[in-house]
Amino acid sequence: MKKIHKGTEPEQLIQFRQSNPSNTWKQYTADFNRKKQIQDQLKLDQGGLCAYCEIDLKPANNADTADFRVEHFHPKHDSSIYNWHLDWQNLLACCHGGSCNDVADAANRHTSPDHSCDVPKANKVLDDIILNPIDLPAFPCLFKFNRADGSISVNIAHCQQVGVDEGKVQATIDELHLDAKRLRDLRKPILSTLGSQFERMVAAGEAPEDAKLRLARVALKKDEQGHWPKFFSAIRDYLGNAAEQQLNDIEYNG
């Protein structure tokens, strides 16, 4: 999970909420154009990544379903006092968490019952238990990743540095199943490739710190579509100080 910097709330959502303060998400998205405006803005805000696991949010094509849906961080069913359905700050873009068998790359992305992200989260009210990506600090990364197996864990030193409860970070991993085997298996080759590139560069005579910085300059930036690389935080953790230098240089804020 990485920080998300929310962009401007779509005007159609503002107008609809003002006119229909008690309406539901289903009523709002009954209009295709309203729904698409929300999806496009969320995807832009998140750099094309799932708010929880950071896999790339694949669009639909002729044969496959998009690995992409809108998630309500605070469950929308809990709206007797406040209408969470239409709160812009409550909306995130999320993958299907391994639960959909007709998404693109389903051989790797459909792993029932090995689910993650909003699937195990379901309708639980976890606001005070897990991290909200909107509220994360941009620096430093609160997670560590193991190159050998792609696993994720808590970076205790970084949590202490910025005063984030490490138990809440661990709860985020546990409740969203961010250490699911499917996600380990998807992160591992990315980290292995980076490691192999680094080793070749050092073997060719490049200083280790220079090699990692050169890798960070290439890997940790948005592409022409405005998308971050999938599993951004795993790449960031592997590249260490070089990653932080690159992100500072590009004025990263989520």
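Refer to the structure presented above.
First things first, this report covers the structure right here in the doc. (Residues numbered from 1 in each chain as written. Predicted model: local features only at pLDDT ≥ 70, side-chain atom pairs only at ≥ 80, totals over all residues. Heavy atoms only, no water.)

Concerning the overall build of the protein chain
This is how it is decided: Numbering of helices and strands runs from the N terminus, with a helix taken as a DSSP run of H or I at least four residues long and a strand as a DSSP run of E at least two residues long. Any pair of residues with heavy atoms lying within 4.5 Å of one another is described as a contacting pair.
Helix and strand counts for the protein chain come out as ten helices and four strands. N-terminal to C-terminal, the α/β element order of the protein chain is α-α-α-β-β-α-α-β-β-α-α-α-α-α. Taking the principal axes of the C-alpha coordinates as reference, the protein chain spans close to 65 × 45 × 35 Å. Within the protein chain, contacts between residues at least 6 apart in sequence are counted, and of these 66% link residues at least 24 apart.

Brief notes about the environment of Arg184
Rules: A simple rule labels every residue: compare its accessible area, found with a 1.4 Å probe on the protein chains alone, to the largest value its type can have, and call it buried under 20%, exposed over 50%, or partly exposed in between. Definition of a polar contact: a pair of N or O atoms within 3.5 Å, with one able to donate and the other able to accept a hydrogen when the atoms are protein atoms, and with sequence-neighbouring residues admitted only if both atoms are side-chain atoms.
Assignment of secondary structure puts Arg184 in helix α8 (residues 181-203). Look at Arg184 and you get partly exposed, because its relative accessible area is 27%. In sequence terms Arg184 and Arg147 are 37 residues apart; their C-alpha atoms lie 9.7 Å from each other. With near-sequence residues (within four places) excluded, Arg184 lies in contact with Asp149, Gly150, Ser151 and Asp179. In this structure the side chain of Arg184 is engaged in a polar contact, spanning 2.7 Å, whose partner is the side chain of Asp179.

Things to note about the pattern of salt bridges
Which entries qualify depends on this criterion: Salt bridges are identified by distance alone: a Lys or Arg side-chain nitrogen within 4 Å of an Asp or Glu carboxyl oxygen.
Here the structure, examined in full by the defined rule, presents 16 salt bridges. Between Arg184 and Asp149 there is a salt bridge, and its shortest N-O distance comes to 3.5 Å. Of this pair, Arg184 sits in helix α8 while Asp149 is found in the loop between β3 (143-145) and β4 (152-154), placing the two residues 35 residues apart along the sequence. Among the salt bridges present, the one from Arg214 reaches Glu206, with a minimum N-O distance of 2.7 Å. Overall, the relative accessible area of 47% leaves Arg214 in the partly exposed class. In the salt-bridge network here, residues are joined through shared partners; they are Asp56, Lys58, Asp67 and Arg109.

Note that all results are geometric; they support no functional claim without further evidence.
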